[in-house]
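# Structural characterization, general
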Amino acid sequence: MLDIAIIGGGPAGLSAAINGVIRNKKVKVFGNSHTTSYIYKAEKVDNYIGMAGVSGKEMMDQFMSHAKEVGVEFHNGRVLQIFPLDKGYTLNVENEFIETKTIILANGINTENPLPGENKFLGKGVSYCATCDGPLYRGKTTVLVGDSESAEEEVNYLAEVCEQVYYVPLYKSVEKVDPRVKIIMDKPVRIEGDNIVESLKLKKTDLNVDGIFIIKESVPTTQLLDGIEIEDKAIKVNQFMETNLKGVYAAGDCTGRPFQVAKAVGQGTTAALQAVSYLHKN
């Protein structure tokens, strides 16, 4: 079992991980590559103390190098859901289940609102993982909505098990998609059905399907961890980065404005030290 599971590998997550490892805790960072962080794409960062004029790439590469040097472990994969245990939590990481005593949420800004019907039909035809739930739709019709090229691997998997697969990419350069998949360049509007999913309504057409897979870079926090308190579209924390859930902390952009690296790094440090303190008391 992990001592601290950190969701997100941006500045806040890496700062938390470094401080957790330095305090001799078993720590692992879950998420996508650090190259997907918003700051990585910044041409120049002038307001981080001691690193004037550095590019976002240079900054994140240095952060990552530091984390690896102290022995931080990484798990490349999306955390789909978090379940409470008697003493800790279980992470569903693309159908791999990992237990942890504490959690630090550092999953950044979630700019997308769920589709109308997405929450209603979650588990009733809507899924966030094709490789996890694809076999349930063997011989049936499905559609996958993906916001990046990483979704192509999942839609290709569906092509192997489903009778008909539609792909609605929310990006321009579709590259490696199985020829059995029908690509539809359109925008999702809402998910419809009675007790279970029946169709995905797009701007230009409707797709009658048995299942809908929505593959995003990250799962919305409210769907990731049931009961987490949100305020002004951000995770509500106190000065110690504690959330309303026992043993769960948050740091960085997911806690709201200001969206600054210095704030993220400081909050990551605070969250890790508070998690360590919690572990010593429990």
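The structure under discussion appears in the preceding block.
Here is a short report on the structure shown in this document.

About the cut-offs
Residues numbered from 1 in each chain as written. Predicted model: local features only at pLDDT ≥ 70, side-chain atom pairs only at ≥ 80, totals over all residues. Heavy atoms only, no water. Pairing = 2+ DSSP bridges. Helix = DSSP H or I, 4+ residues; strand = E, 2+ residues; numbered from the N terminus. Axes fitted to C-alpha atoms, helices over the stretch in contact; angles between N-to-C directions. Parallel < 35°, antiparallel > 145°, perpendicular 65-115°, else oblique. Left-handed = near helix turned anticlockwise from the far one by under 90°. Contact = heavy atoms within 4.5 Å.

Moving on to the sheet that holds strand 12 (residues 197–202). An order of 11-12-13 is seen for the three strands of this open sheet, with the pairing classed as antiparallel. Taken across any chain shown, the strands that pair with only one partner, and hence form the sheet edges, are strand 11 (188–193) and strand 13 (206–208). Between one strand axis and the next, the sheet turns through 20° on average, direction left out of account. Where strand 11 and strand 12 come together, five bridges link them in antiparallel fashion. Within the sheet, the bridge partner assigned to I191 lies in strand 12 and is L200.

Further remarks concern the packing of helix 1 (residues 11–22) against helix 2 (residues 56–70). Taken N-terminus to C-terminus, the directions of helix 1 and helix 2 make an angle of 20°; their axes are 9 Å apart at the nearest point. One element, helix 1, and the other, helix 2, form an angle in the roughly parallel class. For the crossing formed where helix 1 meets helix 2, the hand is left-handed. On the side of helix 1, the interface is formed by P11, L14, I18 and V21, while helix 2 contributes M60, F63, M64, H66, A67 and V70.

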